[in-house]
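# Architecture and fold: a report
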Amino acid sequence: MADPVLTVAELLRPAFAAVAGGECDPTVRPSDRADAQVNGSLALAKKMGKPPREVAEAVMAQANLSAVCSTTEIAGPGFVNLTFANEFLAGELRAAMADPRLGVRTQAAKRFVVDYSAPNVAKEMHVGHLRSTVIGDAIVRMLEFFGHHVVRENHVGDWGTPFGMLIEHLIDLGEAEASRELSVGDLDMFYKQARQKFDADDTFKERARKRVVALQGGDTETLRMWKLLVAESTRYFDRVYDLLGVLLRDSDIMGESAYNQLLPEVVERLSKANMLVTSDGAEVVFVDGFVNRDNEPLPLIIRKGDGGYNYATSDLATVIDRVERLKVDSMLYVVGAPQAQHLEMVAAVARKAGWLPDTVEFNHVVFGSVLGEDRKILKSRSGETVKLDALLAEAVERAEAAISEKNPELDVATRKAVARQVGIGAIKYADLSIDRVKDYIFDWERMLSFDGNTAPYLQYAHARICSIFRKSEHSRESVRGGTVDIDHAAERALVLRLLQFDTAVVDAVERHSPHRLCTYLYELAGEFSAFYEQCPVLRAPDDATRASRLMLCDSTARVMEQGLALLGIEAPEQM
Ligand code: ARG
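About the cut-offs
- Residues numbered from 1 in each chain as written.
- Predicted model: local features only at pLDDT ≥ 70, side-chain atom pairs only at ≥ 80, totals over all residues.
- Heavy atoms only, no water.
- Near = heavy atom within 4 Å.
- Polar contact = N/O pair within 3.5 Å; in protein donor to acceptor, adjacent residues only side chain to side chain.
- Helix = DSSP H or I, 4+ residues; strand = E, 2+ residues; numbered from the N terminus.
- Nonpolar A, V, L, I, M, F, W, Y, C, P; charged D, E, K, R; others polar.
- Patch = residues over 30% accessible without salt bridge, like charges linked within 9 Å, V, L, I, M, F, W, Y side chains within 5 Å.
- Areas by Shrake-Rupley, 256 points an atom, 1.4 Å probe, with all protein chains shown as cover.
- Salt bridge = Lys/Arg side-chain N within 4 Å of Asp/Glu carboxyl O.
- Lys, Arg positive; Asp, Glu negative; His and termini not counted.
- Charge placed at Lys NZ, Arg CZ, Asp CG, Glu CD.
- Core = buried A, V, L, I, M, F, W, Y, C linked by side-chain atoms within 4.5 Å.
- Buried < 20%, exposed > 50% of the residue type's maximum accessible area, 1.4 Å probe, protein only.
- Pairing = 2+ DSSP bridges.
- Axes fitted to C-alpha atoms, helices over the stretch in contact; angles between N-to-C directions.

Taken together, Asp115, Ala118, Asn120, His129, His155, Tyr311, Asp315, Tyr333, Val335 and Gln339 are the residues near the ligand. Within the backbone of Ala118, a nitrogen or oxygen atom sits 2.9 Å from a nitrogen atom of the ligand. Within the contact set of the ligand, a nitrogen atom lies 2.8 Å away from a side-chain nitrogen or oxygen of Asp315. Counting residues per element, the ones that place at least two in the shell around the ligand are helix H12 (311–325) and strand S10 (330–336). Across the shell around the ligand, the residue classes tally to four nonpolar, four polar and two charged.

Quick look at the structure:
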């Protein structure tokens, strides 16, 4: 627990309890007027029917903050402004930096499943899948940092009626040609051609229909061709994952087809629970509180008239599997906003049916859309879905151009390696730094800028510190464990910020909101810049000051590198 705000809150707890005559939250928050402000006295005063200043005085008379605060001041209507003592801050920083977790609290380990990425077989991955992949990856990394047990599940769309037409199209095209088209990532083309034939040609439609029946019936030859489609698409997805540098592996694929065996059971269980009704020839569940635009009850379709199961049915199966086989405490569905109602209904049905106990969390980690300059869903110039591998390649190319300009001395190999880290980092950070529930506009200039809340800016702050050490005769390791003397306001502000890494990471993981960590890192980089401008490091007035400032530089670089790593972003040592 590095954050001084928490330390002080813990110290105040007994004093509050004594005055309140029982548990009472001190409510300490960071503040603009001081380092922190105690607000709990206001709520307590209200409860006790006493003047707030009097209560604040009573609490402060009981409390002993002499080891952590240089001043405590009762102010305004009765809150308390706190200023942390510099020696206390220096000691806390020393402790945090001696800790491999850099002072970040631990949490009681829980079991999570994170459902993310989830592109569809024989269909282009779109920017929505990119968002899910990048946000999901950051959440997984943060959860693992806290020691939680995380099961990554890539719920690829690899099953259902479209596979009838896709397989028939594969037969028409010949397997070799189909493989070629799919492996170059021309997935949309393949899908569109199949669709066109399906819509225009009744014989093809009939073939497709029969093929679905064969697929669902487990026909060996049909399954073989289905697997071919899946394998070719998976190869394409892997290429994108590889470029992105995310943790997802083939072994994380838990597609819709994986729940096949469970689907009849979903129906059976719903039927036993008397939740299943027939409506327009389909078997459906009506969920309390869900209505359509005409205010009529909205059904979740479980089995269609033709006996085929639905997207919702396999999502109900995911709940059963995750609760009963994986025994998770929490499920995170990192899925776009348009599927909010679908997931809410799935959760409601699962709760009602008793498969989802109150002790298990079901979280839709919702996100907005990626927009083009026209504020519409991002499309390529020709109006097609943007090809993600091309997009990522362009990011790396643009980053290389920017780096060549900024640092022409870098040798080619280093420049190429750094361009990949910066280009991919820029794409990921542009996505992660915006509150995920919002839409954002995809903007090359902005995301690759070395100024502002961008990956290159943060990576540059890190690289700059590495370069300070290259120029000094000290190694990073050699300055660790030293003491920091806080003499300058900029040093103090930087120390305080470093200690807040703890809260930033906890906030980001608990709210499944990586942007909170981004905001923190951006503030840290700003604080570092201010420090570096005002406090000479290599030309410090004396050895002790230099050592102290080098220690601050190293601490900043470590927090920056660790913070970026939790977001899935690399921190080059030069750029
Ligand atoms: N394949 C779906 C799509 O592309 C996303 C699946 C999300 N996960 C889930 N369990 N429904 O929209």
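This part covers a negative patch on the surface. A cluster of acidic residues, Glu373, Asp374, Asp443 and Glu445, forms a negative patch at the surface. By secondary structure assignment, the location of Asp374 is in the loop between strand S12 (370–371) and helix H14 (388–406).

The biggest cluster of nonpolar side chains holds 155 residues, and the ones touching the most others in it are Leu82 and Leu517. Within the second largest apolar cluster, 38 residues are counted, among which are Leu263, Val266, Trp355 and Leu356.

Ordered by their spatial adjacency, three strands build an open sheet running S7-S8-S9, and the pairing between neighbours is antiparallel. The open sheet has two edge strands with one neighbour each: strand S7 (276–279) and strand S9 (297–303). Averaged over all adjacent pairs, the angle separating strand axes in this sheet is 55°, with direction ignored. Looking at chain direction, strand S8 (residues 282–291) and S9 are connected through five bridges and run antiparallel. Among the inter-strand pairings, Val284 is bridged to a residue of S9, identified as Ile301.

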